[in-house]
Amino acid sequence: MLNTIPYAKNDPLWKRVVLKIIRIIVRIYVEIFRGTPMVLQAVFVFFGLPYFTDGQIAFTGMDGLWLASIIVVSVNTGAYMAESVRGGIISIDPGQTEGAKAIGMTHVQTMV
């Protein structure tokens, strides 16, 4: 949804910069988590995070195993769902968006 916020050339510079940064972050997130296998993500979260954080983040016992698995599945599924929503929004005919603007709908109302 953050990727669909429109901006124009006459918008303030800070708004355009912030939206560009958000779009870059979302794109990197989706590309990384859709482009790597979930097993690799699980190994990195379970073994890599404790290694790179000097043990500050450690998944120990069954509770840690469950927590790591929930984190991995959530982040991975979020990336796939973001791409599905993006594809759905892109597939909408431009005439539908123009029609929503013509009857006075806001951007949020149009996206809903």
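This section reports on the structure supplied with the text.

Conventions adopted
Residues numbered from 1 in each chain as written. Predicted model: local features only at pLDDT ≥ 70, side-chain atom pairs only at ≥ 80, totals over all residues. Heavy atoms only, no water. Salt bridge = Lys/Arg side-chain N within 4 Å of Asp/Glu carboxyl O. Buried < 20%, exposed > 50% of the residue type's maximum accessible area, 1.4 Å probe, protein only. Patch = residues over 30% accessible without salt bridge, like charges linked within 9 Å, V, L, I, M, F, W, Y side chains within 5 Å. Areas by Shrake-Rupley, 256 points an atom, 1.4 Å probe, with all protein chains shown as cover. Helix = DSSP H or I, 4+ residues; strand = E, 2+ residues; numbered from the N terminus. Polar contact = N/O pair within 3.5 Å; in protein donor to acceptor, adjacent residues only side chain to side chain. Contact = heavy atoms within 4.5 Å.

Inspection of every chain in the model, using the stated rule, returns four salt bridges. Where Asp11 meets Lys15, a salt bridge forms, and the shortest distance between an N and an O atom there is 3.6 Å. The exposure class of Lys15 is partly exposed, given its relative accessible area of 26%. Between Arg86 and Glu83 there is a salt bridge, with its nearest N and O atoms 2.6 Å apart.

What follows concerns a nonpolar patch on the surface. Taken together, the side chains of Leu13, Val17, Ile21 and Ile25 define a hydrophobic patch exposed on the protein surface, amounting to about 380 Å² of accessible area. Looking at the secondary structure, you find Ile25 in helix α1 (residues 13-35). For Ile25, a relative accessible area of 53% puts it in the exposed group.

For the rest of this paragraph, the subject is the side chain of Gln41. For Gln41, the position within the fold is in helix α2 (residues 38-52). Classification of Gln41 by relative accessible area gives buried; the value is 7%. A polar contact of 2.8 Å, which involves the side chain of Gln41, links it to the side chain of Thr36. A polar side-chain atom of Gln41 sits 3.0 Å from a polar atom in the side chain of Asn76. If we skip the residues at most four places from it in the chain, Gln41 touches Ile32, Phe33, Thr36, Val72 and Asn76.

Interpretation in functional terms is not warranted from these geometric data alone.
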